[in-house]
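# Chain and residue survey
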Amino acid sequence: MEWSYETAEGLTAALRTGDVTSAELTEEAIARIERDDKAINAICVPDYDRARAAAHAADQARARGEDRPLLGIPVTVKESYDIAGLPTTWGMPQYRDHMPAEDAVQVSRLKAAGAVVLGKTNVPLGLHDIQSFNEIHGTTNNPWDHGRTAGGSSGGSAAALASGFGALSIGSDIGGSLRTPAHFCGVYAHKPTLGLVAPRGMAPPAAPVLPVDLDLAVVGPMARTARDLTLLLDVMAGPDPLTHGVAYDLSLPPARHERLCDFRVLVLDEHPLLPTGSAVRAGVNRVAEALADSGARVERHSALLPDLTEAAVVYMQLFFSGAVARFPAEAYEELRTHAAGLSADDRSLEAMRLRGMAFSHREWVEANGRRELHRHGWRRFFAEFDAVVCPITPTPAFPHDHIPDIRERRIDIDGVAYPYLDQLVWAGLATMPGLPATAVPAGRSPEGLPVGVQLIGPMSEDRTPLRLAELLERKIGGFRIPR
């Protein structure tokens, strides 16, 4: 039997019954990577010798009667996570030889759960792109169409899952970096509630490895099924043992409902600042129809929904303010000069990004206050609804675009060109207020490309969108092997 596309849950059952060993699973995964990854380029830093040793140790542990959540399961890890003995570069050539001394918190948790780490997956330069390519490791191709991107910045992880290179992976998300690659490659991902999963050890190579509370950014799980997402989130979730973990234990509330017919869902397929392409709109509507057919309460409009335009503006300002925080003083002053030259009437997202880059601390505090108002609006919204179904990006995976100046790139939406970074508006809907969001497959485009949607849930109620994802997987299907 070939095991490469089996779920983590299925592999665990087979390991428990003795139908397969971790050593066998690991050798099969390595053989598949060596055979198929030349065309995909998902695994940028292999770690096969230690993977084989970990698999052997897992088999011995199982023989002794041990049974941990991921014991013997082959997995991959995004390149940006520290793994002792492997380089962490974030795709930046100047850090080609940066070798961390210890594992990131999440790598430690994977290993403690018994996972077998096959290696690291590719990322964009500095994690700052919706594609995954860099000078050190090259370009990651979409398994469904090698001429298109696998997404970013967790593109290598999504491509690895779609290609059968391990059952699970971990990534990170601030601009859809978990959700967009999942959407482009036809797999599942979950952006946890802000602060739910400890990120220590997922920091730029030049930064000290400290237990910081990130603004907007999260780390989270990727898988080929919704149930596997939940399995991996349970391993990852919880406070850093150096900070809140000294005093707090995590206890996530259960999902609000166990049946599709009990869910109250708002469906969005249009944004006031950017059109939604026909293929993605069809995917959103497919999910909406499945919910309605199952008896769920499905609405298309609600006065309780926080303003989408304001949400996009605040998100862009906060995101890009943080993105340039470590720029040299000269570069920052140049941005301030450009921002000062903008017309007061220019309300484009491009202008909002530039103004955010030039923020003073006073301006950031004002934008953060507007974020808190949005969070309060979402609390009121989720008193009446359980989830929002909406796009992740306005299109399926697009052709590789390596124009150096990202501001010169354009995204084609049904034949019309728009600024490349405007497509972040849907990712920001959950990111700006820190809400959990689960990316799920929702069909394929007329060209055969995967199309996904996101299920946004209430703050700290991550099990609600995850359970909805699982029920939808049963209703409309989920991951398909690329052909």
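What comes next is a walk through the structure. No experiment lies behind these values; they were computed from the predicted model shown.

Conventions used here
In this numbering scheme, every chain counts its residues from 1 along its sequence in written order. In keeping with the predicted nature of the model, local features appear solely for residues at pLDDT of at least 70, side-chain atom pairs appear and are counted solely at 80 or more, and the whole-chain, interface and lining totals rest on all residues. Side-chain figures throughout are based on the complete set of non-hydrogen atoms in the structure, without hydrogens or water. Put simply, DSSP H or I for four residues or longer makes a helix, DSSP E for two residues or longer makes a strand, and each gets a number counted from the N terminus. Radius of gyration means the value over C-alpha atoms here, while the globule rule gives 2.2 Å times the residue count to the 0.38 power. Type-normalised accessible area, obtained with a 1.4 Å probe on protein chains alone, sets the label of each residue: buried when under 20%, exposed when over 50%, and partly exposed for intermediate values. Pairs of residues are marked as contacts when any of their non-hydrogen atoms sit within 4.5 Å. Only the protein chains shown count as cover for residues, with accessible areas throughout obtained via the Shrake-Rupley method and a probe of 1.4 Å. Only four residue types enter the charge count: Lys and Arg as positive, Asp and Glu as negative, with His and the chain ends excluded. Every charge is mapped to an atom, namely NZ of Lys, CZ of Arg, CG of Asp or CD of Glu. For this analysis, a polar contact is any N or O atom pair within 3.5 Å, provided that within protein one partner can donate a hydrogen and the other can accept it, and provided that sequence-adjacent residues contribute only side-chain to side-chain pairs. For two strands to be treated as a pair, DSSP must find at least two bridges joining them. Note on geometry: axes are C-alpha line fits, over the in-contact stretch for helices, and angles between N-to-C directions span 0 to 180 degrees. When describing relative orientation, an angle under 35 degrees is termed roughly parallel and one over 145 degrees roughly antiparallel, while 65 to 115 degrees is termed roughly perpendicular and anything else oblique. Crossings are sorted by hand: turned counterclockwise from the far helix by less than a right angle, the near helix makes the crossing left-handed, and turned clockwise it makes it right-handed. Residue classes follow a fixed rule: Ala, Val, Leu, Ile, Met, Phe, Trp, Tyr, Cys and Pro count as nonpolar, while Asp, Glu, Lys and Arg count as charged, and any other residue, Gly among them, counts as polar. By salt bridge we mean one thing: a side-chain nitrogen of Lys or Arg within 4 Å of a carboxyl oxygen of Asp or Glu. One less than the number of residues in a helix, times 1.5 Å, gives the span that helix is expected to have. We call a set of buried residues a nonpolar core when its members are Ala, Val, Leu, Ile, Met, Phe, Trp, Tyr or Cys and they connect through side-chain atoms within 4.5 Å of each other. Fitting axes to the seven residues that end at a residue and to the seven that start at it, the angle between those axes gives the bend at that residue. Think of it this way: a Phe, Tyr or Trp ring, Trp meaning its six-membered ring, pairs with another when their centres are within 6.5 Å, and the plane angle makes it stacked under 30 degrees, edge-to-face over 60, tilted otherwise. When the NZ atom of lysine or the CZ atom of arginine is within 6 Å of a ring's centre and also within 35 degrees of its normal, the charge is said to sit over that ring.

Moving on: the overall build of the protein chain. Helix and strand content of the protein chain: 14 helices and 17 strands. Computed over C-alpha atoms, the radius of gyration of the protein chain comes to 21 Å, within 12% of the 23 Å expected from 2.2 N^0.38 for 483 residues, which places it in the range of a compact globule. Across its three principal axes, the protein chain shows a C-alpha extent of roughly 70 × 55 × 50 Å. Buried positions account for 59% of the 483 residues belonging to the protein chain. Excluding contacts between residues fewer than 6 apart, the proportion of contacts in the protein chain whose partners are at least 24 apart in sequence is 76%. Summing over all exposed atoms, the protein chain offers an accessible surface of approximately 18800 Å²; the carbon and sulfur share of this is 53%. Between the mean site of the 48 positive side-chain charges and the mean site of the 61 negative ones, the protein chain shows a separation of 3 Å.

Mapped onto the elements, Thr 88 comes out in the loop between strand E2 (74-78) and helix H4 (105-112). Within polar-contact distance, the side chain of Thr 88 engages the backbone oxygen of Tyr 81 at 3.5 Å. Side-chain polar atoms of Thr 88 contact the side chain of Asp 82, separated by 3.0 Å. In contact with Thr 88, not counting residues within four places along its chain, are Glu 79, Ser 80, Tyr 81, Asp 82, Ile 83, Tyr 95, His 98, Pro 100, Lys 120 and Pro 205.

Judged by which residues are buried, strand E13 (residues 387-390) turns out to be covered on both faces: Ala 387 and Val 389 on one side and Val 388 and Cys 390 on the other are all buried. Bridge analysis of strand E11 (residues 264-267) against E13 gives three bridges, and the strand direction is parallel. When the bridges of E13 are listed, Leu 266 appears paired with Val 388. Note: E13 against strand E17 (residues 450-456), three bridges, orientation antiparallel. Looking at E17, one finds that Cys 390 is bridged to Gln 454.

Here we come to the packing of H4 against helix H7 (residues 226-236). Packed helices, taken two at a time, are described by the angle their axes make and the gap between the axes. Contact pair H4 / H7: the axes reach a minimum separation of 9 Å and the direction vectors enclose 115°. The orientation of H4 relative to H7 falls into the category roughly perpendicular. When the axes of H4 and H7 are compared, the crossing they make is right-handed. Contacts between H4 and H7 pair Gln 106, Arg 109 and Leu 110 from the former with Leu 232, Val 235 and Met 236 from the latter. For the contact of H4 with H7, the residue count by class is four nonpolar, one polar and one charged.

One pass over the full model with this rule turns up 34 salt bridges. A salt bridge links Asp 47 to Arg 50; the nearest nitrogen and oxygen atoms lie 2.9 Å apart. On the accessibility criterion, Arg 50 (35% relative accessible area) is partly exposed. Residue Asp 234 pairs with Arg 463 through a salt bridge whose shortest N-O separation is 3.0 Å. Highlighted residues: Asp 234 in helix H7 and Arg 463 in helix H14 (residues 463-476), separated in sequence by 229 residues. Three or more residues joined by partner-sharing salt bridges are found here, namely Glu 9, Arg 227, Glu 258, Arg 467, Glu 470 and Arg 474.

Put simply, helix H8 (residues 278-293) and H14 touch, their axes get as near as 11 Å, and they point 90° apart. By the angle between their directions, the pair H8 and H14 is classed as roughly perpendicular. Residues Arg 286, Val 287, Ala 290, Leu 291 and Asp 293 of H8 lie in contact with H14, whose contacting residues are Leu 468, Leu 472, Lys 475 and Ile 476. Across the contact of H8 with H14, the residue classes break down as six nonpolar, no polar and three charged.

On to H14. Relative to the 20 Å expected for 14 residues at 1.5 Å per residue, H14 spans 20 Å between its end C-alpha atoms, a close match to the ideal helical length. Most of H14 is tucked away, with 11 of its 14 residues classed as buried. Along H14, the residues classified as buried are Thr 464, Pro 465, Leu 466, Arg 467, Leu 468, Ala 469, Glu 470, Leu 471, Leu 472, Glu 473 and Ile 476. Tucked inside the fold, the buried residues of H14 contact strand E9 (188-191), H7, H8, E13, strand E16 (437-444) and E17. Looking one or two residues beyond H14, the residue adopting positive phi is Gly 477, at roughly 90°.

In this section: the nonpolar core. If you look at the biggest cluster of nonpolar residues, it comprises 68 residues, and the most contacted ones within it are Leu 70, Tyr 81, Leu 291 and Val 389. Per-element accounting of this core gives the leading share, seven residues, to H8. Once residues lying within four places of it in the same chain are set aside, the contact partners of Leu 291 are Leu 260, Val 265, Ala 296, Val 298, Val 389, Leu 468 and Leu 472. Within the second largest apolar cluster, 46 residues are counted, among which are Phe 319, Val 324, Leu 349 and Leu 429.

The next point concerns helix H2 (residues 22-40). At Glu 34, H2 shows its maximal kink, close to 40°. Along H2, the positions that sit buried rather than exposed are Ser 22, Leu 25, Thr 26, Ala 29, Ile 30, Arg 32, Ile 33, Asp 37 and Ile 40. Positive phi appears at Asn 41, one or two residues downstream of H2, with a value of about 60°.

It is worth spelling out the environment of Thr 139 at this point. By secondary structure assignment, the location of Thr 139 is in strand E5 (residues 138-139). Taking the C-alpha atoms as reference points, Thr 139 and Cys 44, 95 residues apart in sequence, are found 9.8 Å from one another.

Scanning the model with the defined rule gives nine aromatic pairs in all. Aromatic side chains Phe 319 and Phe 320 sit 4.8 Å apart centroid to centroid with 40° between the ring planes, which places their arrangement in the tilted category. One exposure class covers both Phe 319 and Phe 320, and it is buried. Through successive ring pairs, a cluster of aromatic residues spans Trp 378, Phe 381, Phe 382 and Phe 385. Taking the ring centre of Phe 385 as reference, the NZ or CZ of Arg 297 above it sits at 4.7 Å.

These figures come from the coordinates and say nothing about function on their own.
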